[in-house]
Amino acid sequence: MKFTMIYGASGVGKESVARELAKRNYWRLFPQHLAFDISCAAVGFGNDGFEAFQRKICVEALQTMIDKKTNGVVFTFCYVHLASNYFIEGLFELLKRNHIAPNFIRISCAYDEHVSRVINPGRKNTNKIQSKAYLDKYLRDFDFSTNIPNVETFHIDNTHMTVQATAEKIECYLQKN
């Protein structure tokens, strides 16, 4: 199975790019925010057990995809340096146990473009960030500029790129690895 994690701050285009990449390669899309939303509802964000519950949901879902012989998975994730390492350790254990060599892609964009994407009407009716004020607080509170430690990461600044061009750039990178 192919496993590609696209990570970065909320609103940079991870899910849109992942959806395109999955479609082009007949892979499955797994946006981690789904597990986050379930964990918020079941445990409550920041409460004891939240991280463990979220990790359990993701690991079990990914293991199910592996067991069903899924061709590939594009997993989107908001990696926050240090705070996300518990989750990452569980993911690495899963991938190692199943002999899967992962690929890591970090996406970012310029601040003005980031704001434009976050306030885009297409984000309405979602649990995603939808205002400049919330984005500013989010970017102040969390570090999204750091790569996941001890793994090779391909970084793309997609400020002036379409979703399709970003997916194509990722495909070129994956073909070389």
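Up top you'll find the structure we're talking about.
First, a word on what this report is: a plain description of the structure on this page. Note that the coordinates shown come from a computational prediction; the quantities given were computed from them, not determined experimentally. Throughout this description, residue numbers start from 1 for each chain and increase along the sequence as written. Local features in this predicted model are restricted to residues of pLDDT 70 or higher, and side-chain atom pairs are both shown and tallied only at a pLDDT of 80 or more, whereas totals for entire chains, interfaces and linings draw on every residue. Excluding hydrogens and water, the side-chain values take into account all heavy atoms of the structure.

**Regarding unusual backbone geometry**
Keep in mind that most residues, glycine aside, have a negative phi and that most peptide bonds are trans. Rules: Strands here mean DSSP runs of E at least two residues long; helices mean DSSP runs of H or I at least four residues long; both are numbered from the N terminus.
Its identity as a non-glycine residue notwithstanding, Lys69 has a phi of 60°, on the positive side. Inspection of the secondary structure puts Lys69 in the loop between helix H3 (50–67) and strand E3 (72–77). Phi is positive for Asn150, which is not a glycine, with a value near 65°. Along the polypeptide, Asn150 turns up in the loop between helix H6 (132–141) and strand E5 (153–157).

**Comments concerning the nonpolar core**
Filter applied, for reference: As used in this record, nonpolar core signifies buried Ala, Val, Leu, Ile, Met, Phe, Trp, Tyr and Cys residues forming a set joined through side-chain atoms within 4.5 Å. Partly exposed describes any residue whose relative accessible area lies between the buried limit of under 20% and the exposed limit of over 50%, with all areas from a 1.4 Å probe on protein chains only and scaled to the type maximum. Note on contacts: a residue pair qualifies if any of its non-hydrogen atoms lie within 4.5 Å across the two residues.
Ile6, Leu21, Val74, Ile105 and Ile170 are the most contacted members of the largest nonpolar core, which totals 25 residues. Counting only elements with at least two residues in this core, the list comes to helix H1 (14–25), strand E4 (102–108), helix H5 (111–118), H6, E5 and helix H7 (163–176). Those residues within four positions of Ile6 in sequence are excluded, and the remaining contacts are Lys14, Val17, Ala18, Leu21, Val74, Phe75, Thr76, Phe77, Ile105, Ile107 and Ile170. Of all hydrophobic cores here, the second largest spans 22 residues; its members include Ala35, Met65, Val73 and Leu95.

**What about the packing of aromatic side chains?**
Counted only if it meets this: Two rings belonging to Phe, Tyr or Trp (six-membered ring only in the last case) form a pair when the distance between their centres is within 6.5 Å. Interplanar angles under 30 degrees mark stacking, angles over 60 mark edge-to-face geometry, and anything in between is tilted.
Within the structure shown, the criterion is met by 14 aromatic pairs. Each ring, one from Tyr7 and one from Tyr79, has its centre 5.9 Å from the other, and the planes form 80°; the classification is edge-to-face. Taken together, the residues Tyr7 in strand E1 (residues 2–7) and Tyr79 in the loop between E3 and helix H4 (85–97) connect sequence positions 72 residues apart. For the pair formed by Tyr7 and Tyr79, the shared burial category is buried. Ring geometry for Phe36 versus Phe45: centroids 5.4 Å apart, planes at 55°, classification tilted. Judged by relative accessible area, which is 28%, Phe36 ranks as partly exposed. Ring pairing ties together the aromatic residues Phe3, Phe30, Phe75, Phe77 and Phe87, which thus form one cluster.

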